[in-house]
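# Commentary on secondary and tertiary structure
Each chain, written out:
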Amino acid sequence: MSDWSKVTRPIPVPNEWTKPFWDAAKQGVLALQRCRSCGHVQHPPYATCTQCIGVDLTFEPVRGAGTIYAYTIMYHTGDKRFASAVPYASIVVELDDAPGALLAANLLDADYTEAKVGRRVEVMFEQLNDDITLPQFRLAAG
Ligand SMILES: [Zn+2]
């Protein structure tokens, strides 16, 4: 299993569009941007709704249950900060509550060979520092 304990990740820098996402993650909540005009849920956050071009956008909590939409296995240490975790799985997750909104993450607490398209996953939160907590995923129980 990948050893993430020695990985020193680049720390995300929230901006005006992503700050609500990071604020929620810090509280252990996965919150995505939703359009108040048409109800569309999107990720990553944008200045406008990608469906109706509406600008009345808010962030709302979503359940962290979803499926692996795509994945790649990192076998090489292009970025030395990730060396201890190689090989590891980078996954793209489609949430049950937000079809079409895709989150990039790592598959944690499982061998990288467990990453398969369609496999059920659930969110978990990896605290990177006092300000940033990263939503990650593990295989769903059951
Ligand atoms: Zn909309």
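Going by the structure above, here's the rest.
Residues numbered from 1 in each chain as written. Predicted model: local features only at pLDDT ≥ 70, side-chain atom pairs only at ≥ 80, totals over all residues. Heavy atoms only, no water.

### Digging into the sheet that holds strand β1 (residues 31–35)
The condition is simple: At least two bridges found by DSSP between two strands is the condition for calling them paired. Runs of E in the DSSP output that reach at least two residues are strands. Runs of H or I that reach at least four are helices, and both are numbered from the N terminus.
Judged by pairing direction, the sheet is antiparallel, and its three strands sit side by side in the order β2-β1-β3 without closing on themselves. The outermost strands of the open sheet, each flanked by one partner alone, are β2 (41–42) and β3 (57–61). Where β1 and β3 come together, five bridges link them in antiparallel fashion. The partner of Cys-35 across the bridge, within β3, is Leu-57.

### Focus: the packing of aromatic side chains
The line we're drawing: Note on aromatic contacts: the rings of Phe and Tyr and the six-membered ring of Trp form a pair at centre separations within 6.5 Å, being stacked when their planes are under 30 degrees apart, edge-to-face when over 60 apart, and tilted otherwise. Residue burial is assigned from relative accessible area. The probe radius is 1.4 Å, only protein chains are included, and a residue is buried under 20% of its type maximum, exposed over 50%, and partly exposed in between.
Under the defined criterion, the tally for this structure stands at five aromatic pairs. Between Phe-82 and Tyr-88, the ring centres sit 5.9 Å apart and the planes meet at 25°, which makes this aromatic pair stacked. Overall, Phe-82 belongs to the buried group, its relative accessible area being 11%. Accessibility expressed as a relative area gives 7% for Tyr-88, which makes it buried. A connected cluster of aromatic rings, assembled from ring pairs, spans Trp-4, Phe-82 and Tyr-88.

### A few points about the nonpolar core
For clarity, the threshold we go by: We define a nonpolar core as any set of buried Ala, Val, Leu, Ile, Met, Phe, Trp, Tyr and Cys residues linked to one another through side-chain atoms lying within 4.5 Å. The contact definition used throughout considers only heavy atoms, calling two residues in contact when any of these lie within 4.5 Å.
Counting residues in hydrophobic clusters, the biggest one holds 24 residues, and the most contacted among them are Leu-30, Leu-32, Ile-91, Leu-95, Leu-107 and Phe-137. Counting residues per element, the ones that place at least two in this core are α1 (19–26), β4 (65–74), β5 (88–95), β6 (102–106), β7 (120–127) and β8 (133–139). The dominant element in this core, judged by the number of residues it contributes, is β5, at four residues. Excluding residues within four positions of it along the chain, Ile-91 makes contact with Ile-68, Ala-70, Tyr-71, Leu-103, Ala-104, Ala-105, Asn-106, Leu-107, Ala-115 and Phe-137. Grouped together as the second largest cluster of nonpolar side chains are seven residues, Trp-4, Val-7, Phe-82 and Leu-108 included.

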